[in-house]
Amino acid sequence: MSSETALNAVWVVLAAALVLFMEGGFSLLEAGLVRTKNAVNVTMKVFVDLTFGVLAFYLVGVHLAFGSDVGHLWGFGPAIAPANVPQVAFILFQIGFAIAAASIISGAVAERMKFSAYVIIVILVCALVYPLGAHWAWGANGWLANMGMEDFAGSAVIHAMGGFMALGFAKSVGPRAQRFNADGSVNVFAPSNIPLASAGAFILAFGWIGFNAGSTLNAYDPRLSSIALNTVVAAASGGAAAVMVNIVRFRVADPSMMMNGVLSGLVAVTAGCAFVSHWAAVVIGAAAGVLVVFATGWLDAWKVDDPVGAFAVHGAGGVWGTLAVGLFDTSRGLLTTGHVHLLLVQLLACVVYPLWGFLTSLGIGWVLHRTIGMRVSPETEEEGIDVVAHGIPAYNELERFTDL
């Protein structure tokens, strides 16, 4: 093994560790934003991603995504790693991406989906749905890659697709009981622990440096530090823009909206972090922060219940970030060079990945409804899924009051 390959192996493994650590961020964020009686359940769903999801992608999905090309649509056989990157390190890194796509779904269906249904969803997403989409843009000779699509770390492949899968499953399973009134008004359910959710957001933002910069798969890539800086400034502008819009519209600095603004900025810059300038990363993040506020309102108007804002962050932010590459790419973007081809290809991707995610989620949801069912019983939903499905509450209430 050459010194370059050895250093690349260290870099890719460290970056993969950061990406996998983001699952802890998903767990804390979602546990903090749902009601106390369902906090254990959302944490258990993240463990499903780390167990069933990892195995599904390792045994099946990685071959469909990165095996030898078949008709520009899927892969077959052993995963093909880039030059000077050990195959095992490459697979480890891609495992983190696959389960991140699945984790986007868990928050959108929180507090009313059966645990067994979620296990099946994760297996199908990591074994089939995500790998096929990944092959089109990242696999050897995928059809969108051949057209010149750019998605450096997954605004389209992971986030737009995952966000629209979350939308489809949230629509399929239906809103939480008493979430929407007959007159269209929305009942706000108090989250269990905002500081816990903020810790999750911090972990996600920290891990995102590995998510984006790690996608170089090359410790010698001269863009590495620039990618990391683009990631951080987009997160900052996304959070700042979201909270400012929220103050102007609602006269309150909503902490959950600021967190989702940061995450939306990160989602949006993920596609172009290696291709855009630093000022463009700020603009991309700020626009995503504004978008997340309005996208959250759109779902309420459509009576789609998304307890953690998964669609607003990942679906809306992912589509915007994919499109933004066609505008701001320093070598091929419309606003920087006047070239149109890349923008048209990115527009196509903005249709393909949301449509793929949404339609597959509706199809899987249809099958689940007619077999094992997707939704817990009304009694379980009222009592809370934690005790019924997992046999333990998130907090020992008697012990809490004894301590006081």
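Residues numbered from 1 in each chain as written. Predicted model: local features only at pLDDT ≥ 70, side-chain atom pairs only at ≥ 80, totals over all residues. Heavy atoms only, no water.

Draft legend 1. How the structure looks around the overall build of the protein. From N to C terminus, the protein includes 16 helices and two strands. Taking 404 residues into account, the globule formula puts the C-alpha radius of gyration at 22 Å, and the protein, at 20 Å, falls close to it. Projected onto its principal axes, the C-alpha positions of the protein cover 60 × 45 × 40 Å. Residue burial in the protein is summarised as follows: out of 404 residues, 55% are buried. In the structure as shown, the protein presents an accessible area of about 15,700 Å², 71% of it carried by carbon and sulfur atoms. Each charge sign in the protein was given a centre, from 16 positive and 23 negative side chains, and these centres are 8 Å apart. (Helix = DSSP H or I, 4+ residues; strand = E, 2+ residues; numbered from the N terminus. Rg over C-alpha atoms; globule rule 2.2 N^0.38 Å. Buried < 20%, exposed > 50% of the residue type's maximum accessible area, 1.4 Å probe, protein only. Areas by Shrake-Rupley, 256 points an atom, 1.4 Å probe, with all protein chains shown as cover. Lys, Arg positive; Asp, Glu negative; His and termini not counted. Charge placed at Lys NZ, Arg CZ, Asp CG, Glu CD.)

Draft legend 2. The packing of aromatic side chains, seen in detail. Applying the stated criterion across every chain yields a total of 12 aromatic pairs. Ring centres of F152 and F275 lie 5.8 Å apart, and the angle between their planes is 90 degrees; this geometry places the pair in the edge-to-face category. Of this pair, F152 sits in the loop between α5 (143-147) and α6 (155-173) while F275 sits in the loop between α9 (255-269) and α10 (278-301); the two residues are 123 residues apart in sequence, bridging distant segments of the chain. Each member of the pair, F152 as well as F275, is classed as buried. Pairing W279 with F328 gives two aromatic rings, centres 5.8 Å apart and planes at 85 degrees, and the pair type is edge-to-face. With W279 in helix α10 and F328 in helix α11 (residues 310-328), this residue pair connects regions lying 49 residues apart in the sequence. Since its relative accessible area comes to 53%, W279 is described here as exposed. Directly above the ring of F180 sits R179, whose terminal nitrogen or CZ lies 5.8 Å from the centroid. If you follow R179 out to its NZ or CZ, it ends over the ring of F189, 6.0 Å from the centre. (Phe/Tyr/Trp six-rings, centres within 6.5 Å; stacked < 30°, edge-to-face > 60°. Lys NZ or Arg CZ within 6 Å of the ring centre and 35° of its normal.)

Draft legend 3. Molecular detail of helix α2 (residues 39-66). Given a rise of 1.5 Å per residue, 28 residues ought to cover 40 Å, yet the end C-alpha atoms of α2 are separated by just 36 Å, more than 12% below that figure. Along its length, α2 reaches its greatest deviation from straightness, about 50 degrees, at V60. (Expected span 1.5 Å × (residues − 1). Bend = angle between axes of the 7 residues up to and from the residue.)

Draft legend 4. Representation of the nonpolar core. Ranked by size, the top nonpolar core spans 105 residues in total, and within it Y130, F211 and Y353 carry the most contacts. What Y130 contacts, discounting residues up to four positions off in sequence, is F57, Q94, F97, A98, A101, V125, W138, V157, I158 and M161. Judged by nonpolar contacts, the second largest core, of 13 residues, contains A234, V269, I284 and A324. (Core = buried A, V, L, I, M, F, W, Y, C linked by side-chain atoms within 4.5 Å. Contact = heavy atoms within 4.5 Å.)

Draft legend 5. Representation of the packing of helix α1 (residues 3-33) against helix α7 (residues 194-213) in the model. Axis separation between α1 and α7 bottoms out at 7 Å; the angle between their running directions is 160 degrees. It follows that α1 is roughly antiparallel to α7 by the angle criterion. Remark: the crossing between α1 and α7 carries left-handed chirality. Looking at side-chain class alone, the contact of α1 with α7 contains 22 nonpolar, six polar and no charged residues. (Axes fitted to C-alpha atoms, helices over the stretch in contact; angles between N-to-C directions. Parallel < 35°, antiparallel > 145°, perpendicular 65-115°, else oblique. Left-handed = near helix turned anticlockwise from the far one by under 90°. Nonpolar A, V, L, I, M, F, W, Y, C, P; charged D, E, K, R; others polar.)

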